[in-house]
Amino acid sequence: MSVSEENRTKVLDRVRDALGAHAPDRWREVNVRHRLVTHPSGTIPARSLGNHEACLALFSGMLASQGANFARVHDPEGVVKAIAGYLTDLELPTELRISEEPVLVTLPWLLAPRLKQVYGAPSPSDKVGLSRAIVGAAETGTLFLVSGAGNPTSLNFLPETHIVLVDAGDVVGSYEAAWDRLRGLYGEGTLPRTVNWISGPSRTADIEQTIIRGAHGPKRLAVVILDG
Amino acid sequence: MVALALDLKANAAKALADIELQRALLNVKRGFVTKRAEAKARLPEFDRLRDEARAIKLHTLSHLDLYLEYYERKVAESGGHVHYAPTAEDAREIILKLCRDAGAKLVTKGKSMVSEEIGLNVCLEGAGIEAVETDLGEYIAQMRHEAPSHLIAPIIHLNKETIAGDFRRAHAGLAPGRTLASAADLVAEARAVLRQKFLAADVGITGANLLIAETGTSVVVTNEGNADLTQSLPKTHIVIASIEKLVPTLEDSCTILRLLARSGTGQEITTYTTFSTGPRREGDADGPRDYHVVLLDNGRSEMLGGTFNDMLACIRCGACLNHCPVYATIGGHAYGSLYTGPMGAVLTPALVGIDHARDLPNASSLCGRCEDVCPVRIPLPSMLRAWRERDFARGNPTFLERTALKLWAYATKRPRLYHALSGATMKVLAALAGRSGRLKRLPFAGAWTQSRDLPAPQGKTFHQLYAKRTRG
Amino acid sequence: MTKDLTRDAPLVGLLVTCLVDLFRPAVGFAAIKLLEDAGARVEIPLSQTCCGQPAFNSGDRADAKAIARQVVDSFEGLDYVVAPSGSCAGMLKQHYPSLLADDPAYAERARALAAKSYELTRFLVEVLQLERVDARFAARVTYHDSCASLRETSSGGAARQLLASIHGIDLVELPDSEACCGFGGAFAVKYPDISSAIADAKLRNITATGASCVVSCDLGCLMQIAGKLSREGQKVQVRHIAELLADMIDAPPIGKEQI
């Protein structure tokens, strides 16, 4: 037996010893399989169970209280204008590193000629990043971003300013509803390499309990909801 | 375990005299206690979720072998590798080999108590591999060669002037005249310095707040985003987690995540909660090529199914520390142990033996506030008492402690003797106090009278007075 | 002194508690008065000494069991057991059943005892249906929730209700009332530095209320608090809640000189 096989046997044997679980036990196995297959939900907070408008309001309210900027627009033109306006208002750089999501690539960028679009994995010197959230959970203003072809995870963390586009139809109430969306896309029992829950800009309170933005991740998070 | 002097009484005396520390500890009380109460008030389902979280953890523990095997299969399916580590030494060996195989010269680390438990950084440094903590608090603690003093706020005991001094010493290459007056200055400098490390790291090592069996996923929560830069930039991502971090499903992780930040810091949710499953997939834009999970036992299996089983339900939120009157007065370092506060007082003897940690469960008034706030309702006071029983059975209490107990037990089991002796004793004490109503000094009572007066007894005992009344 | 009570009045065994017995009998007599005024008959089993907490909390399970058996024996045949102490009542209620669970001769009796054991104020309000007391105390008073009365006997509501009914009282909430005072029984002398520092925090909160008197259900806490106040030369008076409720404040406050 290799060392790693030995280690595995040691630990699992010790666990079975402690639980008195050496003999095969159909009921234990059924218990486990049942839970894994049916993945029952626990209590879902009432705040997550409102109608769609209520969800959107909760989503934006939570994000705002957690330090993110927020804009709700009604068409792709509005997205581009909101992004351009945001960067101009805060006098931020106008070069955008954008993930290669079709919905971002096909935005009418011509409407904002002063913005420069660069696609793909970020370089350390990128100042502004734009990615897309696959779903949003209103209960805590949480964006779900996933890794994939054209979706660099590092884009969510390296640039100082992070802008996230989410479709209003992808905003659900609870974490569980969001996971169900992902199951619909990726299948049962599998996930992409990374699912990032993002609920605000990076912060730390490690120094004298003073909250400072931009500890390692972005200093600013701006969310654009496309509701059209 | 990281070995520290376990002399709690001496450490406590120093901590109580440390004005800076005492000032800092007020932040724990004012901040975290208030914020948790507010977060709880905003979530009506809070207590019900606690019951459910407890049930999830206990269910998982009682089926841990089966969940471990399922989890392992799912990790392999997604292209990752699981390594079992029976002991701390095994874990170090495994991780060292993985780092060497990756040709690692620089390792970045997300916050992981378990990695400190096994002494990982010292091991890596000894092998010529630079290991850099990236959580700001852990980075500063590492700079100071100190252990963290709190589960989730590692340097709560330091003020910014001290940290500025540490930065000037550690970041020697930067302009000496630069301003480091504010917390913002310090964070900006740390961000810049650590950014270089993130980008250059060959291997990223994180802990895991949770492991999810259903999908073979490791979950890390931060507010800084440091764990994300640690686990997404380097070529290799290693997770080190103890076996009890497992939960069955994504839904189960939702229940626990609803309680974790609210209980610890009063936030609704941490800024970042990251679910990592296997290495990067074919076609992914970035991500590590290798993903390894090291599952540490190191004493957990011995706790399973026994008196301290429920301690394995701990989700490391820090609420018990934040509400503990003992922690609030002496801080984390005084415990002389990696895990501090009430959870540390129960877990540490399980990991190192009660003989080496007896002060921890004994230095408690058993007030019970910890159990009140524990998100998974661990019966911490009962477990502290259980350790005291083991401590007593092993003959560890001092001669004085045992004698005093024995005398009291002897007398109280013999009511007539007790009433006679107590009547005589209270008469003497009352006489000593005279009309003052209190005793400032008393032989054998120095432990009380060193900092408090002893209120004098009334002189006659209740039984004496009652007997008189019923006779007369 | 004893009222003429009907045979239907509940028969209450008073668990005096060792601290009340030794240090402040006045509390015991105040408890008797309160119970009798509210319609109970009170008995004092003479074989009681201690509830067994010192042994129990120190890990001496054998002695804790022995003393528990003694208490079970002493209080047999009574309708209720009432203690002017959250920690002693809590010991009987919360810990006796598990302590004696593996003793076939006592397991059931311990459970029965636990079911009929009460801390004084909770008993007065919940069982004897007392809504208010006939007492006067015109001063600002603050109430300290002892850990056991808070977490083991849930007496906070009853205590506050009865205190509030005292004529002339100015009852103010103690900030962070749920915080321990640092007594913890043997903890106070095993780890005196820490115990004392915890008490400091409690005293700061008491001072902040501007109260001239602090009360609680537990004499241990009160001795800790009074001992600290006295060492610091503070004027705040300390009494057991039973003394105020029974309008029996002849004895000097805890730790204060006789006038």
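Residues numbered from 1 in each chain as written. Chains lettered and ligands numbered in written order. Predicted model: local features only at pLDDT ≥ 70, side-chain atom pairs only at ≥ 80, totals over all residues.

1. Points about the overall build of chain B
Line of reasoning, step 1. Of regular secondary structure, chain B possesses 23 helices and 12 strands.
Line of reasoning, step 2. Buried residues in chain B amount to 60% of all 472 residues.
Line of reasoning, step 3. Contacts spanning at least 24 positions in sequence make up 74% of the contacts within chain B whose residues lie at least 6 apart. (Helix = DSSP H or I, 4+ residues; strand = E, 2+ residues; numbered from the N terminus. Buried ≥ 20, exposed ≤ 12 C-beta atoms within 10 Å, placed from the backbone. Contact = placed C-beta atoms within 7 Å.)

2. Some remarks on the arrangement of the chains
Line of reasoning, step 1. Counting contacts across all two pairs of chains that touch, the top-ranked interface belongs to chains A and B.
Line of reasoning, step 2. Over all C-alpha pairs, chain A and chain C never come within contact, reaching a minimum spacing of 21 Å.

3. Examining the domain arrangement of chain C
All names here are of chain C.
Line of reasoning, step 1. Under the domain assignment used here, chain C contains domain 1 (11–126) and domain 2 (140–245).
Line of reasoning, step 2. For domain 1 and domain 2, the distance between their C-alpha centres works out to 22 Å.
Line of reasoning, step 3. Counting from both sides, the interface comprises 29 residues of domain 1 and, opposite them, 23 residues of domain 2.
Line of reasoning, step 4. Contributions of two or more residues to the side of domain 1 that touches domain 2 are made by helix 1 (18–23), helix 2 (25–37), helix 3 (53–57), helix 5 (86–99) and helix 7 (120–126). (Domains from an automatic or database assignment.)

4. Comments concerning the interface of chain C and chain B
Line of reasoning, step 1. If you look at the interface, chain C gives 58 residues, while chain B gives 51 residues.
Line of reasoning, step 2. At the level of secondary structure, the elements contributing two or more residues to the side of chain C that touches chain B comprise helix 1, helix 2, helix 3, helix 4 (61–74), helix 8 (147–151), helix 10 (187–190), helix 11 (192–209) and helix 12 (219–231) of chain C.
Line of reasoning, step 3. A per-element tally of the side of chain C that touches chain B places helix 12 of chain C first, with seven residues.
Line of reasoning, step 4. Tallied by class, the residues present in the side of chain C that touches chain B amount to 30 nonpolar, 15 polar and 13 charged. (Nonpolar A, V, L, I, M, F, W, Y, C, P; charged D, E, K, R; others polar.)

5. Examining helix 12 of chain C
Quick reminder: α-helices carry 3.6 residues per turn. Residues three or four places apart thus point the same way.
All names here are of chain C.
Line of reasoning, step 1. A rise of 1.5 Å per residue sets the reference length of helix 12, with its 13 residues, at 18 Å; its end C-alpha atoms lie 18 Å apart and thus fit the reference within 8%.
Line of reasoning, step 2. Burial within helix 12 is extensive, with 12 of its 13 residues counted as buried.
Line of reasoning, step 3. Looking at the residues trailing helix 12, positive phi occurs at Gly233, about 70 degrees. (Expected span 1.5 Å × (residues − 1).)

6. A short note on unusual backbone geometry
For residues besides glycine, phi is generally negative; the peptide bonds are generally trans as well.
All names here are of chain B.
Line of reasoning, step 1. Even without glycine at this site, Arg377 takes up a positive phi of about 50 degrees.
Line of reasoning, step 2. For Phe444, which is not a glycine, the phi torsion comes out positive at approximately 75 degrees.
Line of reasoning, step 3. Positionally, Phe444 belongs in the loop between strand 11 (438–439) and helix 22 (446–449).
Line of reasoning, step 4. What makes Phe444 exposed here is the crowd of 9 C-beta atoms within 10 Å.

7. Quick word on the nonpolar core
Line of reasoning, step 1. Phe144 of chain A, Val294 of chain B together with Val82 of chain C are the most contacted members of the largest nonpolar core, which totals 303 residues.
Line of reasoning, step 2. It is helix 2 of chain C that provides the largest number of residues to this core, a total of eight residues.
Line of reasoning, step 3. Excluding its chain neighbours within four sequence positions, the residues that come into contact with Val294 of chain B are His83, Ala85, Ala91, Ile94, Ile95, Ile238, Val239 and Ile240 of chain B. (Core = buried A, V, L, I, M, F, W, Y, C linked by C-beta atoms within 7 Å.)

8. A few points about the sheet that holds strand 2 (residues 106–109) of chain B
Residue and element names in this part refer to chain B.
Line of reasoning, step 1. Read across the open sheet, the six strands follow the order 1-10-7-4-2-3; overall the sheet is parallel. Across the chains shown, the open sheet's two edge strands, defined by having one partner strand only, are strand 1 (81–85) and strand 3 (130–133). Across this sheet, the average inter-strand angle for adjacent strands is 20 degrees, counted without regard to direction.
Line of reasoning, step 2. Examined bridge by bridge, strand 7 (residues 236–242) and strand 10 (residues 290–296) share seven bridges and lie parallel to one another. Residue pairing for strand 10: Ala241 is matched across the bridge by Leu295. (Pairing = 2+ DSSP bridges. Axes fitted to C-alpha atoms, helices over the stretch in contact; angles between N-to-C directions.)

9. Here we look at the pairing of strand 2 (residues 95–98) of chain A
The side chains of a regular strand alternate, first on one face of the sheet and then on the other.
All names here are of chain A.
Line of reasoning, step 1. Note that strand 2 and strand 3 (residues 116–119) share four bridges and pair parallel. Each residue of the ladder has a partner; that of Arg97, found in strand 3, is Val118.
Line of reasoning, step 2. As defined by bridge partners, strand 2 adjoins strand 4 (residues 128–132) across three bridges and the pair is classed as parallel. Within strand 4, the position partnered with Leu96 by the bridge is Val128.

10. With respect to the environment of Leu68 of chain B
All names here are of chain B.
Line of reasoning, step 1. Among the structural elements, Leu68 can be located in helix 4 (residues 64–77).
Line of reasoning, step 2. With 22 C-beta atoms packed within 10 Å, Leu68 lands in the buried category.
Line of reasoning, step 3. Taking the C-alpha atoms as reference points, Leu68 and Glu45, 23 residues apart in sequence, are found 30 Å from one another.

11. Some thoughts on the packing of helix 11 of chain C against helix 12 of chain C
Residues and elements named next belong to chain C.
Line of reasoning, step 1. Two elements in contact, helix 11 and helix 12, have axes separated by 10 Å at closest approach and are oriented at 80 degrees. Comparing the axis directions of helix 11 and helix 12 gives the class roughly perpendicular. In contact with Ala199, Lys202 and Leu203 of helix 11, helix 12 contributes Gln224, Ile225, Lys228 and Leu229.
Line of reasoning, step 2. Its residues assigned to classes, the contact of helix 11 with helix 12 comprises four nonpolar, one polar and two charged. (Parallel < 35°, antiparallel > 145°, perpendicular 65-115°, else oblique.)

12. Some thoughts on the sheet that holds strand 8 (residues 246–247) of chain B
Line of reasoning, step 1. Strand order in the open sheet formed by eight strands is 8(A)-5(A)-6(A)-9(A)-9(B)-6(B)-5(B)-8(B), with mixed pairing between adjacent strands. Of all strands in the sheet, those bounded by a partner on one side alone are strand 8 (171–172) of chain A together with strand 8 of chain B.
Line of reasoning, step 2. As paired elements, strand 5 (residues 135–137) of chain A and strand 8 of chain A share two bridges and run parallel to each other. Looking across to strand 8 of chain A, one finds that Ala137 of chain A is bridged to Val172 of chain A.

13. A few points about the interface of chain A and chain B
Line of reasoning, step 1. If you look at the interface, chain A gives 69 residues, while chain B gives 81 residues.
Line of reasoning, step 2. Put simply, the parts of the chain that give the side of chain A that touches chain B at least two residues each are helix 1 (3–19), helix 2 (26–38), helix 6 (175–186), strand 9 (194–198) and strand 10 (203–204) of chain A.
Line of reasoning, step 3. Element by element, the count of residues in the side of chain A that touches chain B is highest for helix 1 of chain A, at 11 residues.
Line of reasoning, step 4. Tallied by class, the residues present in the side of chain A that touches chain B amount to 27 nonpolar, 30 polar and 12 charged.
Line of reasoning, step 5. Sheet analysis places strand 9 of chain A next to strand 9 (residues 272–276) of chain B, joined by five bridges and oriented antiparallel. Residue Trp197 of chain A lies in a different strand from strand 9 of chain B, and its bridge partner there is Thr273 of chain B.

14. Focus: helix 16 (residues 341–352) of chain B
Residue and element names in this part refer to chain B.
Line of reasoning, step 1. Here helix 16 is 12 residues long and its end C-alpha atoms lie 16 Å apart, about the 16 Å a rise of 1.5 Å per residue gives.
Line of reasoning, step 2. The buried fraction of helix 16 is high, at 11 of 12 residues.
Line of reasoning, step 3. Those residues of helix 16 that sit buried are Gly341, Pro342, Met343, Gly344, Ala345, Val346, Leu347, Thr348, Pro349, Ala350 and Leu351.
Line of reasoning, step 4. A positive phi of about 95 degrees marks Gly353, the residue just after helix 16.

15. Things to note about the pairing of strand 7 (residues 213–216) of chain C
Residue and element names in this part refer to chain C.
Line of reasoning, step 1. Of the two faces of strand 7, both are covered, the one formed by Cys213 and Val215 as well as the one formed by Val214 and Ser216.
Line of reasoning, step 2. Relative to strand 7, strand 5 (residues 140–144) runs parallel, the two sharing four bridges. Across the sheet, residue His144 finds its bridge partner in strand 7, namely Ser216.
Line of reasoning, step 3. Pairing between strand 7 and strand 8 (residues 237–240): four bridges, direction parallel. Each residue of the ladder has a partner; that of Val214, found in strand 8, is Val238.
Line of reasoning, step 4. Taken together, strand 7, helix 12 and strand 8 constitute a β-α-β crossover, and its handedness is right-handed. (Right-handed = clockwise from strand over helix to strand, strands pointing away.)

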